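Structural features, examined
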Amino acid sequence: MGLTGCGQQKFDIPSLLVRELQMDNHTCSVRVDETYPLSVSFSPAGSSSVVTWTSLDESIATISVVGTVTGVSEGEVRVTATSVVNPFATDTCVVTVLPRRVYMSSISITLGGAYELEKGKTLELAPFTTTAPANVTDPGITWSSSDNSVAVVTGSGVVRAMSSGTAIITATAADGGGAAASITIVVPGSTTPDTPDDPDDPGEDPPADPDLLMFHNCDNLTYFTHTQGASVETQGRMEGSGYIERTTNSDNQIFIISRVGNSMDTKITDYSKGYLVFWFYINDAASLSRNTVATGRIELSQSGGPGQQCLYWSSKTCLADVVSDGWNYIQLRFSDAKEMTPDKPFNPKGANYFRIYFDGPAGSYEYTYGIDAIGFKQTN
């Protein structure tokens with residue numbers, strides 16, 4: 001290939017001269033005193049990758065020789081990458097500089113230093129947990145238990161007493177600033193936790209929540225459909241003698257229960273106080289959130305299948321975006337659900353179908369899911 005100029009003289013262009021340069025991101029954001037790496041791609045492949053980076057206003061953001069943006073002050077600025085060997089090959093990214101990150105400085109759990117919780121009971125810690133300052137950038141909290149054999153805690157701060165003993169439940173700021181608080185959960189009974197000597201012996205069955213009306217205890221696969229890759233497991237169960245575990249990378253229909261011919265009255269009379277509840281396990285919550293699109297649902301129906309006389313919640317916003325690795329206690333308020341067919345509404349006296357599905361990219365990611373103690377409860 002060549003260029004023709006005055007006098008029709010022809011100039012050859014080297015085959016690996018950059019013809020096009022493109023930013024991998026044309027917009028990005030960074031906080032004051034934080035950095036963000038920019039990168040570019042070149043055409044043709046293998047052409048010179050040497051570029052000059054320029055910030056049009058270094059009082060807002062600076063750019064290093066390797067394309068790292070540093071926020072200086074709040075505002076918006078254009079950052080340009082230009083090929084050294086071909087100045088006509090250039091591209092721009094609009095950088096928004098956000099306020100400096102405000103870290104969580106303190107966490108308080110207002111229940112005192114210790115709390116007694118009967119075996120099988122649950123306690124929501126979030127209503128008793130406060131953080132400071134009020135303008136913290138990331139208000140997220142991660143929860144952990146010092147002894148899961150005594151008490152487990154979900155990613156939303158719901159504690160469940162598993163066996164007698166004591167466990168320290170800790171809330172830690174998700175922003176990495178170091179703020180934390182803890183509470184000691186005391187489960188009355190023998191001072192010796194119910195840990196079996198035989199590791200293959202699942203031990204005493206954890207009791208169900210006495211306020212829970214059980215739709216399926218998940219101790220067996222009765223009523224479950226779509227059971228490829230599913231099994232009943234005993235170790236790590238949250239209630240009864242087992243839970244349902246399923247590993248799949250080819251099926252987005254995660255759990256389906258069909259109780260056709262054996263419908264159940266949920267006993268929910270006030271949708272604002274009624275809940276569908278269950279324990280949900282996931283081995284890789286971060287990937288689940290990244291790879292799940294918004295059309296998945298959690299469904300409860302009286303028609304024996306999906307689509308008719310059905311309440312549903314978003315499986316992305318109610319599961320994928322909120323769960324943590326491990327077990328999570330899920331509570332879905334009936335009044336937050338949508339009706340699949342408003343002209344034929346769901347009747348809470350005839351529930352016979354339950355489904356969780358994620359309408360995501362099947363076949364690309366393998367997940368292990370678990371479910372236990374699906375039921376209904378109504379608060380006072």
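Residues numbered from 1 in each chain as written. Predicted model: local features only at pLDDT ≥ 70, side-chain atom pairs only at ≥ 80, totals over all residues. Heavy atoms only, no water.

**Describing the overall build of the protein chain**
Scanning the protein chain for helices and strands turns up two helices and 32 strands. Burial analysis of the protein chain (380 residues in total) assigns 41% to the buried set. Of the contacts formed within the protein chain by residues at least 6 apart in sequence, a portion of 69% connects residues at least 24 apart. Of the accessible surface of the protein chain, which amounts to about 18400 Å², a share of 48% is contributed by carbon and sulfur atoms. (Helix = DSSP H or I, 4+ residues; strand = E, 2+ residues; numbered from the N terminus. Buried < 20%, exposed > 50% of the residue type's maximum accessible area, 1.4 Å probe, protein only. Contact = heavy atoms within 4.5 Å. Areas by Shrake-Rupley, 256 points an atom, 1.4 Å probe, with all protein chains shown as cover.)

**Describing the sheet that holds strand β9 (residues 68-71)**
Ordered by their spatial adjacency, three strands build an open sheet running β5-β9-β8, and the pairing between neighbours is antiparallel. The open sheet is flanked by β5 (35-37) and β8 (61-63), the only strands paired with a single partner. Across the sheet, the axes of successive neighbouring strands diverge by a mean angle of 20 degrees, strand direction being ignored. Looking at chain direction, β5 and β9 are connected through three bridges and run antiparallel. Looking at the pairing, Tyr-36 lines up with Val-69 of β9. (Pairing = 2+ DSSP bridges. Axes fitted to C-alpha atoms, helices over the stretch in contact; angles between N-to-C directions.)

**Considerations on unusual backbone geometry**
The step from Ser-43 to Pro-44 runs through a cis peptide bond, and the omega angle for that step is 5 degrees. Positive phi outside glycine occurs at His-226, with the angle close to 55 degrees. Its location among the elements puts His-226 in the loop between β22 (224-225) and β23 (230-233).

**Concerning the environment of Glu-233**
With respect to the helices and strands, Glu-233 occurs in strand β23. Remark: the alpha-carbon pair of Glu-233 and Arg-246, spanning 13 residues in sequence, is separated by 9.9 Å. At 2.7 Å, the side chain of Glu-233 and the side chain of Ser-231 are in polar contact. (Polar contact = N/O pair within 3.5 Å; in protein donor to acceptor, adjacent residues only side chain to side chain.)

**Remarks on the pattern of salt bridges**
Pairing is possible between side chains that carry opposite charge, provided their charged atoms lie close to one another. If you walk through the whole model with that rule in mind, you get five salt bridges. The partner of Asp-336 in a salt bridge is Arg-333, with the nearest N and O atoms 3.4 Å apart. (Salt bridge = Lys/Arg side-chain N within 4 Å of Asp/Glu carboxyl O.)

**Notes on the packing of aromatic side chains**
Enumeration over the complete set of coordinates arrives at twelve aromatic pairs. When the centroid spacing of 6.1 Å and the interplanar angle of 25 degrees are considered together, the rings of Phe-358 and Tyr-369 count as stacked. One end of the pair, Phe-358, is in the loop between β31 (353-357) and β32 (367-378); the other, Tyr-369, is in strand β32, and eleven residues separate them in sequence. When its relative accessible area of 4% is taken as the criterion, Tyr-369 is described as buried. The ring of Phe-215 has Arg-259 sitting right over it, with the charged end atom 5.1 Å from the ring centre. (Phe/Tyr/Trp six-rings, centres within 6.5 Å; stacked < 30°, edge-to-face > 60°. Lys NZ or Arg CZ within 6 Å of the ring centre and 35° of its normal.)

**Focus on the environment of Tyr-36**
With respect to the secondary-structure elements, Tyr-36 resides in strand β5. With relative accessibility at 26%, the residue Tyr-36 sits in the partly exposed group. Each C-alpha atom of the pair Tyr-36 and Gly-67 lies 8.5 Å from the other, and the pair is 31 residues apart in sequence. Look past the residues within four positions of Tyr-36 in its chain and what remains in contact with it is Asn-25, Cys-28, Ser-29, Val-30, Gly-67, Thr-68 and Val-69. A polar atom in the side chain of Tyr-36 sits 3.4 Å from the side chain of Asn-25.

**Points about the side chain of Ser-55**
Among the structural elements, Ser-55 can be located in strand β7 (residues 51-55). Excluding residues that lie within four positions of it along the chain, Ser-55 makes contacts with Ala-61, Thr-62, Ile-63, Val-77, Arg-78 and Val-79.

**Some details on the nonpolar core**
Within the largest apolar cluster, 36 residues are counted, with the highest numbers of intra-cluster contacts made by Leu-276, Phe-278, Phe-280, Phe-354, Ile-356 and Ile-371. A total of five residues in this core trace back to one element, the largest contributor, which is β32. Among all residues touching Phe-278, those that are not within four sequence positions of it are Ile-298, Leu-319, Asn-328, Tyr-329, Ile-330, Leu-332, Phe-354, Ile-356, Ile-371, Asp-372, Ala-373 and Ile-374. Formed by 22 residues, the second largest nonpolar core is a distinct cluster that contains Leu-125, Val-150, Ala-161 and Ile-183. (Core = buried A, V, L, I, M, F, W, Y, C linked by side-chain atoms within 4.5 Å.)

**With respect to the sheet that holds strand β27 (residues 297-301)**
Taken together, six strands build an open sheet; the order of strands is β22-β25-β31-β27-β28-β30 and the sheet is antiparallel. At either end of the open sheet lies a strand with only one pairing partner, and these are β22 and β30 (338-339). Judged from the two bridges that link them, strand β28 (residues 310-314) and β30 form a sheet pairing that is antiparallel. Looking at β30, one finds that Tyr-312 is bridged to Lys-338.

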